[in-house]
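Letter by letter, the chains look like this.
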Amino acid sequence: ARNAAAQGTSRDGKDIVARVVAVLKDCGPDVLSIEDVLPFLPDFAQIDQFKDEICDALASYSSKIEHYIKEMNECDQTCDTLRDELSRLRSVGVQVRTNARCAFTN
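Along each chain, numbering runs from 1 in the same order as the chain's sequence is written. Two thresholds apply to this predicted model, a pLDDT of at least 70 for residue-level local features and 80 or more for giving and counting side-chain atom pairs, whereas whole-chain, interface and lining totals are computed over all residues. Think of the side-chain values as coming from all heavy atoms in the structure, minus any hydrogens and water.

What follows deals with the overall build of the protein. Numbering goes from the N terminus for both helices and strands, where a helix is a DSSP run of H or I of at least four residues and a strand is a run of E of at least two. Along the backbone of the protein there are four helices and zero strands. Counting only residues that meet the buried cut, the protein has 18% of its 106 residues in that class. Should any heavy atoms of two residues lie within 4.5 Å, those residues are counted as being in contact. Considering only intrachain contacts with a sequence separation of at least 6, the fraction spanning at least 24 residues in the protein is 47%. Throughout, exposure labels follow a simple rule: accessible area from a 1.4 Å probe, protein chains only, divided by the maximum for the residue type, with under 20% read as buried, over 50% as exposed, and the rest as partly exposed.

Moving on to a nonpolar patch on the surface. The patches reported here contain residues having more than 30% relative accessible area and no salt bridge. Joining distances are 9 Å for like charges and 5 Å for nonpolar side chains (Val, Leu, Ile, Met, Phe, Trp, Tyr). Accessible surface is estimated by sampling points in the Shrake-Rupley manner with a 1.4 Å probe; for residues, cover comes only from the protein chains shown. Each salt bridge in this description consists of a side-chain nitrogen of Lys or Arg and a carboxyl oxygen of Asp or Glu lying within 4 Å of one another. A cluster of nonpolar side chains, contributed by Leu58, Tyr61, Ile65, Ile69 and Met72, occupies part of the molecular surface with about 490 Å² of accessible area. Mapped onto the fold, Ile69 is located in helix H4 (residues 51–90).

We now examine the side chain of Glu53. By the element assignment, Glu53 lies in helix H4. Not counting residues up to four positions away in its chain, the partners in contact with Glu53 are Val21, Leu24, Lys25 and Ile34.

So, about the environment of Ile34. With respect to the helices and strands, the residue Ile34 is situated in helix H3 (residues 34–37). Judged by relative accessible area, Ile34 falls into the buried class, the value being 7%. It is 7.0 Å that separates the C-alpha atoms of Ile34 and Ala57, two residues lying 23 residues apart in sequence. Dropping the residues within four chain positions of it, Ile34 is found in contact with Leu24, Phe50, Glu53, Ile54 and Ala57.

Nonpolar side chains in soluble globular proteins tend to be buried together. In this text, buried Ala, Val, Leu, Ile, Met, Phe, Trp, Tyr and Cys residues form a nonpolar core when linked through side-chain atoms within 4.5 Å. Counting twelve residues, the largest nonpolar core consists of Ile16, Val17, Val20, Val21, Leu24, Leu32, Ile34, Val37, Leu41, Ala45, Phe50 and Ala57. Elements with a minimum of two residues in this core: helix H2 (14–27) and H3. Tallying contributions element by element places H2 first for this core, with five residues.

The full count for this structure, using the stated rule, is three salt bridges. Residue Arg83 pairs with Asp80 through a salt bridge whose shortest N-O separation is 2.9 Å. Separated by three residues within a single helix, Arg83 and Asp80 lie in helix H4, roughly one turn from each other. Note on Asp80: relative accessible area 41%, which makes it partly exposed. Between Glu85 and Arg88 there is a salt bridge whose closest N-O contact spans 2.6 Å. Here Glu85 and its partner Arg88 are both found in helix H4, three residues apart, which amounts to about one turn of the helix. The exposure class assigned to Arg88 is partly exposed, which follows from its relative accessible area of 44%.

Bringing the state of the cysteines into the picture now. Whenever a pair of cysteine sulfur atoms sits within 2.5 Å, that pair is classed as a disulfide. Taken as a whole and assessed by the stated rule, the structure comprises zero disulfides. In this structure Cys75 is a free cysteine whose sulfur lies 6.6 Å from that of Cys79, the closest cysteine sulfur available.

The next subject is the confidence of the model for the protein. A residue's pLDDT is the predictor's confidence in that residue, given on a scale from 0 to 100. Mean pLDDT over the protein: 83, with 86% of residues reaching 70 or higher. Ranking the elements of the protein by mean pLDDT puts helix H1 (residues 2–7) last, at 53, and H4 first, at 94.

Next comes the structure, spelled out in structure tokens:
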């Protein structure tokens, strides 16, 4: 991305943005994200030139947030189940006869 931005020569930055966006697409979202390439874009670059990539990144974040919310809800349910089980186990008692033999030392 840095090389693509450095090689751009267009006055309005369209060539630079096009090259950086091409590198971004070539690498894929798992390797390179829009946040990684933003510092290499010129200050005068317009958002319209890479708005699709920004929208894709926001959609990806939204999907990840929904996944994390679902995962947190599942963890909450698991914690509630464990709390209930611990409360139940606190009231469990065992009676031992006075003449009972130990199973470990017998």
